[in-house]
Each structure stands twice: as C-alpha cells, then as structure tokens.
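Inside the fold
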Amino acid sequence: MNPPRLTARVKTGPRRVGLALCGGELLVTVHVGVLEALHRMGVVPDMVAGTSAGAVMAALYAHGYGPGACRDLIRRFPGMRLFDYAFPATRALWRATAGRWCADEDWVAPGLFAGRRLQRYLARLLRGRAACLPYAVVATDLVSGTPVVFSTWIDLCRRGVATHPGDLSRALLASCAIPGVVTPVRMGNWVLVDGGLRDLVPVRVLREAGCTHILAVNLHRLHRPWRPDSVFQVLRRSIDVMLQESVEADTAGSDVLALKPAYGPVHWWSRRGLVTNADMARESVWQQRHSIRAFLARAGDDSNGPSCP
C-alpha cells in the first residue's frame, strides 16, 4: 500500500479524526491490520494516540511507517532476541547490601527484563525520522498514579496536551513497561510503567487535543469459556476484570466508535501468528466499513469532551 498522506500540522477544521490504539503486548500487529483496512477505506486520521503496544504503533505510524512498511517490520520482528533478563533477585540483594554505604535515590527495583534491547530496537526504527502527524503516547507514573502523555509534536506540547520526552524511545519503553515484567523507567521525578494502568484505550488525550470523531481500537477481551489452570491465570484474569470497567468508560460517548478487531493467539517465537493477526484484523475491520464511514460522516458534537486549550 502507498504511505499515508499525512497532515502538516494539527488540524483545526470542523471534523478532526483521532485514532486510539489500545495496549496489548504482541497484539501490536493487530493495529497493522486495522490501519490497512482504514487506508483501504480512504480513512487517514488527523491524530493518533497509543498505549503500550499501541504506543509503539502510534509512534511508528506518525513517523512515516505506513501499513505496508509496518507489515515488513512484522516479517523481520526480532522476537525473543529483544529479551534481556535483569536478574531481579541478584540486583535486589546487591541493593540491600550496597545501600547501607551509598544511597542511590535514582535506583528502581528491576523487573524480569531490563528493556534496554527493546529501547535500542525502537530507537533504531525511529532514527533520522521526524513526526509528520500529531501523535501521543501514554505511560503511568507510579508516584502520583496519574497518566503521563508524551509527544515530540510541538503544538501538542505548547497546548499542554503532552510533554516532550527528550528521548522518544525511552518514553515508548515506559509505556510498554508491564509492572513486574519490565523495569520501570525513571524520568525526572516520574517512575513510569505501562500506560494501560490508567488509559488502556487512550481516548482522553484525543479529546483533549480537540478530536471530534474518535476511532477506538479495543483489544481488551474477557475470553469465554475460561478455566483457571494456574494461580498466574487467576491473577491475570483478575487484572482483566478490573480493566473492563475502565475500558468501557474510555470508549463511552457519541464521539467514539469502538472497533473490536478479530485476532487469535500469538507467541514471541512465532511470526506466523503475528501475520495471521494482522490479516484477521484487516478483514474484520473492513467488514465494518459502512458503520465507520457513517460515523465519520456525522457532524461533530463538542459537548462530548473538553474543548481545545
């Protein structure tokens, strides 16, 4: 597919289309299929926002990676080579010992993985590219419990919608830092982790930026039937149940059309599953083309969200 025709600045016309990309770990390739379907319909968003895996896709798309280029990245995905074990028990023991003699206020308890390889991978993909579309990525500050929005798009920073991250690859790592799995990212006074703790489907930032029509890609599912085969599955299901109410609140409102693309199981070691999910998502969203076009054709209702700063 041809790369998208991207806007040169934040659009200020009567209709501003925002695309919210949900978090979902390896389900990032589902977003590729969604973008393929939207481009096939001739729908190009005026702004894109993402959380966790959705943040990665939002940043890539805003920096010129069209659906075709993203499909090529799937085929070359490094998979498990992105893992860098952080030895959390060893480092915690060293901290407990060394901390008696020299305190380190910037020390953060490690997760299973450090995330440095993932950050280098993202930095390499973005090197030499400038944003050609307004975008935002969302992380969560563990200190204050509030969402933290990053963007290198100057207009959004000036209007108070986002903060310039300095290092975008580090901000993306923060948005993807699943608590306990990836080491939290310290940036100034923030201790940042996965944005999905606060905004799994980042509709709020698109409203704050003035988007009148928001396509919200929701990958959150409470799959049925479900059997608790292990304590870890019970814990994961409990988190999913808690997130359900948040997702329903995020996607409520007449200015939002929630898209729930189809996808299947996927594993870090299988590129086939990644490609299959992109294909499934593309076809399922294409089947919704009539409702999407009807939604985008409606007049905007400024009462659904905050006005532009």
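Everything below is about the structure shown above.
Residues numbered from 1 in each chain as written. Predicted model: local features only at pLDDT ≥ 70, side-chain atom pairs only at ≥ 80, totals over all residues. Heavy atoms only, no water.

Overview of the overall build of the protein
Rules: Note on conventions: DSSP H or I runs of at least 4 residues are helices, E runs of at least 2 residues are strands, and numbering of each starts at the N terminus. Relative accessibility decides the category of a residue: with a 1.4 Å probe and only protein chains considered, values under 20% of the type maximum give buried, values over 50% give exposed, and everything between is partly exposed. Every residue pair with non-hydrogen atoms within 4.5 Å of one another is taken to be in contact. For accessible areas, the Shrake-Rupley method is used with a probe of radius 1.4 Å. Any residue's cover is judged against the shown protein chains and nothing else.
Secondary structure summary: the protein contains 11 helices and eight strands in total. Counting across all 309 residues of the protein, residues that qualify as buried make up 50%. Excluding contacts between residues fewer than 6 apart, the proportion of contacts in the protein whose partners are at least 24 apart in sequence is 75%. Of the roughly 15100 Å² that the protein leaves accessible, carbon and sulfur atoms contribute 56%.

Considerations on the pairing of strand 3 (residues 135-141)
The side chains of a regular strand alternate between the sheet's two faces. Note the following rule: When DSSP finds two or more bridges between two strands, those strands count as paired.
Counting buried residues along strand 3, seven of its seven residues qualify, which places the element largely inside the surrounding structure. Neither face of strand 3 is open: one carries Tyr135, Val137, Ala139 and Asp141, the other Ala136, Val138 and Thr140, and all of them are buried. Relative to strand 3, strand 2 (residues 47-51) runs parallel, the two being bridged by four bridges. Its bridge partner being in strand 3, Ala49 is matched across the sheet by Ala136. Sheet analysis places strand 3 next to strand 4 (residues 147-150), joined by four bridges and oriented antiparallel. Note that in strand 4 the partner of Thr140 across the bridge is Pro147. Hairpin remark: strand 3 followed by strand 4, antiparallel, with five residues in the connecting loop; positive phi at Gly145, about 80°. Here strand 3 pairs with strand 6 (residues 190-194) via three bridges, running antiparallel. From the neighbouring strand, Asp141 faces strand 6, where its bridge partner is Leu192.

Looking at the side chain of Ser169
What counts, and what does not: We define a polar contact as two N or O atoms separated by no more than 3.5 Å, with the added condition that, inside protein, one atom must be a possible hydrogen donor and the other a possible acceptor, whereas residues neighbouring each other in sequence contribute only through side-chain atom pairs.
Note on placement: Ser169 falls in helix 7 (residues 168-176). A distance of 2.6 Å separates polar atoms of two side chains, one belonging to Ser169 and the other to Asp167. Sequence-distant contacts of Ser169, defined by excluding residues within four places in its chain, comprise Gln119, Leu122 and Ala123.

With respect to the nonpolar core
Heads up, the condition is: The set of buried Ala, Val, Leu, Ile, Met, Phe, Trp, Tyr and Cys residues whose side-chain atoms join them within 4.5 Å is what this entry labels a nonpolar core.
Among the nonpolar cores identified, the biggest contains 89 residues, and Val48, Leu215 and Ile292 are the most heavily contacted of them. When residues in this core are grouped by element, the largest group, nine residues, is from helix 2 (residues 53-62). In this structure Val48 touches Leu19, Leu21, Ala58, Tyr61, Ala62, Leu133, Pro134, Tyr135, Ala136 and Leu206, once residues within four positions along its chain are discounted.

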